[in-house]
Structures are given as structure tokens and as C-alpha cells.
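One letter stands for each residue in the lines below.
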Amino acid sequence: MKRRICLLLALVMALSVCAAASAEITYPLTENFGDKTLSWWHSLRAASYESSHDDNICWQAIEKNTGIDVKWIHPATGTEAEKLSLLFVSGDLPDIIQIDGYLETAGGSAAGVDDGNFVELTDYLMDNAPAYVAAITASDLAYAMATTADGRVTEFDQIKQTAPQYSRETLRVDIQEEIGWGDKMPVTIDDYTQLFADLKEHGYWGWAPTSSGLQTHFMFAYGIHNTFFLDEDGSVAFGPYTEAYKDYLKQMNAWWEAGYLYPDFTGSITRSALFDNKEVGLLITPSDISYGAAKLAGYEIYIVNYPRLYEGQQYRFETTTWDAVPADGIRTVVTTKCADPELAIQFLNYGYTEEGALIYNWGIEGTTYTVDADGKKVYTDTMLNNPTVPASSGQYVYKLHFGPKLAEPDVSCNPGTIGDPKALYFRELYSDDTTVDSTGIIFATLTVDQSVERAEYMTDIDTYYKEMALKFILGDLDIDENWDTYMSTMQSMGIEEAIAITQEAVDAFNAKEIPTEWIAASAK
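Everything numeric in this text was worked out from a predicted model, so none of it was measured.

Conventions used here
- Residues numbered from 1 in each chain as written.
- Predicted model: local features only at pLDDT ≥ 70, side-chain atom pairs only at ≥ 80, totals over all residues.
- Heavy atoms only, no water.
- Helix = DSSP H or I, 4+ residues; strand = E, 2+ residues; numbered from the N terminus.
- Rg over C-alpha atoms; globule rule 2.2 N^0.38 Å.
- Buried < 20%, exposed > 50% of the residue type's maximum accessible area, 1.4 Å probe, protein only.
- Contact = heavy atoms within 4.5 Å.
- Pairing = 2+ DSSP bridges.
- Phe/Tyr/Trp six-rings, centres within 6.5 Å; stacked < 30°, edge-to-face > 60°.
- Axes fitted to C-alpha atoms, helices over the stretch in contact; angles between N-to-C directions.
- Core = buried A, V, L, I, M, F, W, Y, C linked by side-chain atoms within 4.5 Å.
- pLDDT = per-residue confidence, 0-100.
- Expected span 1.5 Å × (residues − 1).
- Bend = angle between axes of the 7 residues up to and from the residue.
- Polar contact = N/O pair within 3.5 Å; in protein donor to acceptor, adjacent residues only side chain to side chain.

1. A few points about the overall build of the chain
The secondary structure content of the chain amounts to 25 helices and 14 strands. Its C-alpha atoms give the chain a radius of gyration of 24 Å, within 12% of the compact-globule value 24 Å for 524 residues. A burial count over the chain gives 54% of its 524 residues as buried. Summarising the internal contacts of the chain: among those between residues at least 6 apart in sequence, 77% fall at separations of at least 24.

2. Some thoughts on the pairing of strand S10 (residues 301-304)
The alternating pattern of S10 places Ile301 and Ile303 and Tyr302 and Val304 on opposite faces, both of which are buried. Where strand S5 (residues 167-172) and S10 come together, four bridges link them in antiparallel fashion. Counterpart to Leu171 in the pairing with S10 is Tyr302.

3. Examining the packing of aromatic side chains
Across all of its chains, the model carries 42 aromatic pairs by this definition. Consider the rings of Phe220 and Phe317, whose centres lie 4.6 Å apart with planes at 10 degrees: the pair is stacked. Of the two residues, Phe220 sits in helix H11 (residues 216-221) while Phe317 sits in the loop between S10 and strand S11 (325-334), which places them 97 residues apart along the sequence. Under the relative-accessibility criterion, Phe220 is labelled buried at 4%.

4. Here we look at the sheet that holds strand S9 (residues 280-286)
If you walk across this open sheet you meet the four strands as S6-S9-S5-S10, and the pairing is mixed. Looking at the sheet topology across the chains shown, the edges are occupied by strand S6 (205-207) and S10. The average undirected angle you get between the axes of adjacent strands in this sheet is 30 degrees. Helix H14 (residues 287-297) contacts S5, S9 and S10 of the sheet and is inclined by roughly 125 degrees relative to S9.

5. Things to note about the sheet that holds strand S1 (residues 36-41)
The six strands are arranged S2-S1-S3-S11-S4-S14 in an open sheet whose pairing can be described as mixed. Either end of the sheet is taken by a strand with one partner, and the two such strands are strand S2 (68-73) and strand S14 (406-407). Of the pairings in the sheet, the one linking strand S4 (residues 156-160) to S14 comprises two bridges and is parallel in character. Across the sheet, Lys160 pairs through a bridge with Ala407, a residue of S14. Docked against the sheet, helix H4 (residues 80-90) engages S1 and strand S3 (96-98), running at close to 125 degrees with respect to S1.

6. A short note on the nonpolar core
Core analysis: the largest hydrophobic core is formed by 66 residues, its most contacted members being Tyr245, Trp255 and Tyr486. With eight residues, the top contributor of residues to this core is helix H22 (residues 448-473). Tyr143, Ile159, Phe347 and Ile359 belong to the second largest nonpolar core, which has 43 residues in total.

7. Quick notes on the confidence of the model for the chain
Confidence in the prediction for the chain averages 93 pLDDT; 95% of positions are at 70 or higher. Taken together, the stretch residues 4-10 has pLDDT below 50 and engages in eight contacts with residues farther than four places along the chain or on a different chain. Here residues 16-21 scores under 50 on pLDDT; set against residues more than four positions off or in separate chains, the count is 13 contacts.

8. Describing the environment of Tyr396
Structurally, Tyr396 is set in helix H18 (residues 391-397). Residue classification places Tyr396 among the buried positions, given a relative accessible area of 16%. The sequence separation of Tyr396 and Ala81 amounts to 315 residues, and the corresponding C-alpha distance is 20 Å. When neighbours within four sequence positions are excluded, Tyr396 is seen to be in contact with Arg45, Ala46, Glu50, Asn56, His401 and Phe402.

9. Quick look at unusual backbone geometry
Here the bond from Tyr27 into Pro28 is cis, since omega is 5 degrees, no more than 30 degrees from zero. Look at the link from Ala163 to Pro164: it is a cis peptide, with omega at 0 degrees. If you trace the backbone, Pro164 turns up in the loop between S4 and S5. One non-glycine residue with positive phi stands out, namely Lys278, at about 60 degrees. Within the secondary structure, Lys278 sits in the loop between helix H13 (271-276) and S9. Judged by relative accessible area, Lys278 falls into the partly exposed class, the value being 30%.

10. Thoughts on the pairing of S4
Counted residue by residue, S4 has five buried out of five residues, so it is predominantly covered. Burial of S4 is two-sided: the residues Phe156, Gln158 and Lys160 facing one way and the residues Asp157 and Ile159 facing the other way are all buried. Both S4 and S11 contribute to a ladder of four bridges, which runs antiparallel. Bridge pairing in S11 places Asp157 opposite Arg331.

11. Quick look at H22
Taking 1.5 Å as the rise per residue, H22 with 26 residues should run 38 Å; its terminal C-alpha atoms sit 35 Å apart, in good agreement. Along H22, the sharpest kink reaches roughly 40 degrees, centred on Ala455. Among the residues making up H22, those that are buried are Gln450, Met458, Ile461, Tyr464, Tyr465, Met468, Ala469, Phe472 and Ile473. Of the residues one or two after H22, Gly475 is the one with positive phi, at around 80 degrees.

12. Digging into the side chain of Arg427
In this fold, Arg427 is placed in helix H21 (residues 421-428). At 3.4 Å, the side chain of Arg427 forms a polar contact with the side chain of Asp288. A distance of 3.3 Å separates the side chain of Arg427 from the side chain of Asp410, its partner in a polar contact. Those residues within four positions of Arg427 in sequence are excluded, and the remaining contacts are Thr162, Pro164, Gln165, Tyr166, Ser287, Asp288, Asp410, Val411 and Thr417.

Structure (C-alpha cells):
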């Protein structure tokens, strides 16, 4: 709880900084630009409940407050990637595009700038988006993640503190009691082995791993990731090209041979359904989601801390961060077809101001939330108990859960998390564990050239190591007898070259420094 209070205070401070830094931008923008219209290509996140953002009360308020009339272009749900590709072929680009993750394999916004489709924002930001500058310079990590390897800004990112972590191990209270565990929690890999054995004895499968057999939570216990990561010396390594990976595979194979793993885990299965139907005893999923499902189905759960090889082991792979950083893959760009990029950038800056962030995060006071005598914002029944629109969709209809904004954390304003005290409790559980950090996670991104070069190696490597993983886990190949061949094959396919490319990106990421003039502006 103390950490939650600290993070909320940090957010308030960040919003205050944004307000101070954005004082020179006056909304509505009509005073400087007159009546203006901007076109925005944007997917619908709750298409069953709204046909256009024109119907959204938050967007209506944002348009009114900024003085901008938005002409919305909504691709049909499920066709976004296809429609975006056709948009580039036609060359008929709108002023703004919500690219999110649709262009990730094509080099993202940086490639779009290089190709002449998107505006490079760097030189515009000081004068036209000071609130966004304040948001991305709030920490070294935020700046490094919000800029390209050469220090350019090519997109507006959603800036958010994603911690506390949401994905945890889930157990059913009724099954635990049935097998004699009660409220005993597994901690070590040996504990999980005993848990799975006891589950099997009572007619349950222990667990259904991912279809590849590479489950990160258990891999993390062995000090490795299922992809590139930073070892304890801070150097780049590749999880499936380490000796610790052999130990992980041997443990998975032992669990398979003992009959603890769901036999069809490599197929098309719904793991949550297996858990709901009492076929498996363990599920790895977001804790608040597992709680919601359990509540709906009528059973109770335990949320378990990360597995370790031994008690007190440092766990270096927390994938969330307490810093507010680019998050959730929410990316917005201004295109070179925009007749007035300064107008578009000032408009997008609004989501990072105190007033704009409030609307994005909470919706409209009196409709979606009220403020109590202590100044605390509380959602209304429109959000939490709406008989027509469930909260999972309401967060896109009555507030803007994702967007170009300074986002409050889920434990502050996600209706699905804070709407039920037990869900919030589970989400915050273990968040003060001092043995957990993110020192093994790579936050750096590759340049377009680095991505292309690394992909030349990794396309075949990915196929090979994943095929071999299942062969090792399922016992088709003996791990000890074939390990040297596996490692030498990985080497011959260029894994060390791929590691070196990733190391270059990490080094460039670590060398970034926030421009002095941006720091000065944010401190005004």
C-alpha cells in the first residue's frame, strides 16, 4: 500500500510538471489556428458499443476543449493491419494514424519517418508539445524508450507506469484443500514438483504450459528468458543458447515423463477453460483477470509469487516498471500529408496535460466518476454497474483506457481492477517483494537496419530452437546426448552474431542522454 501511495504521488507530481511545462500552449487552439479539422485513422476498441468516436463522450469533450473537429476513420475490426497497408499503397494518408503495433515488423514509426510517410517530431516538441516532453523526460528510462537509437522522436507514446505486475501463478482453493495443501503456497521448483505430484494423485493434471513449452515464469527461475536478455553482468545473452536452458529443459522433461503436464498442451486449447473445469491445478495469467473469472464461475483462488530455484533467489525479470514509460504498444504518428503538423502536435499534446489526462483516464466528472469529500475520484455505476455496457468495454466507451496520454496505472483507474477490492488486492499482492527487479529485461529497441540484419539470422534460429525445445521436453531426443549438437548448430546458424547486434542496440540505448534544453524546459 505504501508503494501504491508513492506511485500516485509521483503521478500527481508528473502531471503538475506537465501543467507547468505546457503553460505556453493555450487550449482551445482556435485562438492561434482558427477552426480546424484533423483526420485520424483509429481502430475501434469497443465496436459492439460505438460505431464511431463521434459518439464517445470523452472524444466529444476533447474536441471541444482543444477546438479541433476530428474526422474519424475507423477500419473494420479485425482488418486493421490489412487496411493500414492499403492506406500506404494509396498514398492517401490522414493527418494522424494510430499505428499501435501494426507496423512493428515493418520498422515502426522510425521506418515511416525514413520512408517519408511520418513527420519526425523531435524539433517540433519543445514549442508544440511541452507536456509530452515533460512526460518522456521524467526519467532516463522513459526518454531512452521514447526515442530512437539516434535520439529522434517519431511518435507519441502512451506513457504509463505498468507495475505492479499483473501476470502471476493462480491456484484454486477447492483443489488445494482437496489435495491436502490448504493455504500452503509453492515457492521453489521442488515445491512445484511436489504440488504437481499431489495433483496427479488426486486425478488432476498439474499445468498446461505454452504450446512451445517455453514458459517464461519458470525459465526466469533459471535466470534466463525465452529470448534475448541481460545476464548478471549486464551483457546480452539468448536464453535458449545457455547452459541454464538445458537445466530448464531437463526439468520440463522430468515433469512430462512423470505425467504432470497436460498431455495436449502443444495443441489448440484454452488454458483458462481447463482451469475452470478443474482439469489442471495451476494457471499462469493476469491476477485480476483470473479473479474475475473465478468470481463469475463461483470458486476462490490463491495468487502465488514467482517460482524460484531456492527461497530468497533474486528474480531479475519483472516485465513491468515503476517508472512511467512508453507502454502497452500505444503509438500515434503525424503523417507528412498533414497540412499543419504544428496543429496536430499541439492537439496530441493535450493528452499529456493535467486537464487532458484527466479526461482520458477517468472520463467525464458527474457521468463516469465523482469526487468525494476527500478529493478521491470514484467511478459511478455508469462505469462499474452498467447493465448495457460491461466495464471491460466501458473503459473504451466512457473513458479512454488506451491513447496518446499520460496514463494513470491500472491500480489507480482501471475499472476492472479497482472496481472490486479483492481484484485490487490480488493485483497489488507481492508488489513490495524486494527480491524482484527488471535488471534482466532488455528495454532497448533495434534500428531498422539492425532489425533487418538480426532477422536474417533469427528467422531460421527461431524455428530450430522451438522445434528442438519440444523434442527435448517430450523426450523425442535425449537432452544430454544431443545437447552439444544443439548448441553447435545454434552457433553455426548465427546466434552469436544476433547477440552482438542486440548488444549494439543495448549499448546505444544505455548511452542516451536527455537533451539539456528539454530538462530545463520540463523544470520550469
